[in-house]
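Residue-level structure breakdown
The residues making up each chain are set out below.
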Amino acid sequence: GAVVSQHPSWVICKSGTSVKIECRSLDFQATTMFWYRQFPKQSLMLMATSNEGSKATYEQGVEKDKFLINHASLTLSTLTVTSAHPEDSSFYICSARDSSGVEQFFGPGTRLTVL
Amino acid sequence: AQTVTQSQPEMSVQEAETVTLSCTYDTSESDYYLFWYKQPPSRQMILVIRQEAYKQQNATENRFSVNFQKAAKSFSLKISDSQLGDAAMYFCAYRAGTYKYIFGTGTRLKVLA
């Protein structure tokens, strides 16, 4: 089956620093990758859609300069949280869509804690 | 705008019994997909079942089945012979042509031994 990995699985950083999260499709080419944010006991909220080789499309209310997304290849997308603050602490999940496009395959998530 | 509503924040079921989780959605599209995902404590999203809107037949996957009522915009999940491993958060999701998912707020399922 289609496998998506994320690295790191958890990260703790100081306020003001930047953190990069990687999302990789291991056994398929991901035409599109999606980044979600999930606060405790809440649902997944889509942050942005990332297409290989083009700029990401951000959802309303998501700061594109704070959450930098790069989708440089068909198997890798990165999310960089710039100048992180405690309110950015959350669970970040990526997903990827293959060429058939019917469903998304989810990574295991990254827990970010900003001190 | 499309919306997905799960009106049951929490449900409990006795082991080996049957439970139904509710989901309603709103859309003006005619062609779309609906999904149920399970999120255990590990937080990994696991696809439980999916339904294509153009198919009248309800999807089934072993102990999991759906009751898809397109006119009513309802998509409930029935879990038969509930097992302790079924305990998790369950999210209903909608996907139309843009490939983006819209998730409901989730239902926490507890399975009682």
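Before any of the text, the structure's been laid out above.
Residues numbered from 1 in each chain as written. Chains lettered and ligands numbered in written order. Predicted model: local features only at pLDDT ≥ 70, side-chain atom pairs only at ≥ 80, totals over all residues. Heavy atoms only, no water.

1. What to know about the packing of aromatic side chains
Residues and elements named next belong to chain B. Worth spelling out the cut-off: Side-chain rings of Phe, Tyr and Trp, where Trp is taken by its six-membered ring, are said to pair if the distance between their centres is within 6.5 Å; with planes under 30 degrees apart they count as stacked, over 60 as edge-to-face, and otherwise as tilted. Under the scheme used here, helices are H or I runs from DSSP no shorter than 4 residues and strands are E runs no shorter than 2 residues, and both carry numbers assigned from the N terminus. Each residue gets one of three labels from its accessible area relative to the maximum for its type: buried under 20%, exposed over 50%, partly exposed in between, using a 1.4 Å probe on protein chains only.
In this structure the tally under the stated criterion is 19 aromatic pairs over all chains. Note on Y32 and Y94: the rings are 5.4 Å apart at their centroids and 35° apart in plane angle, and the pair reads as tilted. Taken as a pair, Y32 in the loop between β4 (24-26) and β5 (33-39) and Y94 in strand β10 (residues 88-95) lie far apart in primary sequence, 62 residues in all. Like Y32, the residue Y94 is buried in the burial classification.

2. Side note on the state of the cysteines
For clarity, the threshold we go by: What counts as a disulfide here is a pair of cysteine sulfur atoms lying within 2.5 Å.
All told, the structure shown has 2 disulfides over all chains when counted by the stated rule. In this model, C23 of chain A is linked to C94 of chain A through a disulfide, with the two sulfur atoms separated by 2.0 Å. Judged by the torsion about the S-S bond (80°), the C23 of chain A/C94 of chain A disulfide is right-handed. Linking C23 of chain A in strand β3 (residues 19-25) with C94 of chain A in strand β9 (residues 90-97), this pair joins segments that are 71 residues apart in sequence. In terms of burial, C23 of chain A and C94 of chain A fall into one category: buried. Sulfur-sulfur distance for the disulfide between C23 of chain B and C92 of chain B comes to 2.0 Å. Because the torsion about its S-S bond is -70°, the bridge between C23 of chain B and C92 of chain B counts as left-handed. Taken together, the residues C23 of chain B in the loop between β3 (19-21) and β4 and C92 of chain B in strand β10 connect sequence positions 69 residues apart. Of the two residues, C23 of chain B and C92 of chain B, both sit in the buried class. In this structure C13 of chain A is a free cysteine whose sulfur lies 18 Å from that of C94 of chain A, the closest cysteine sulfur available.

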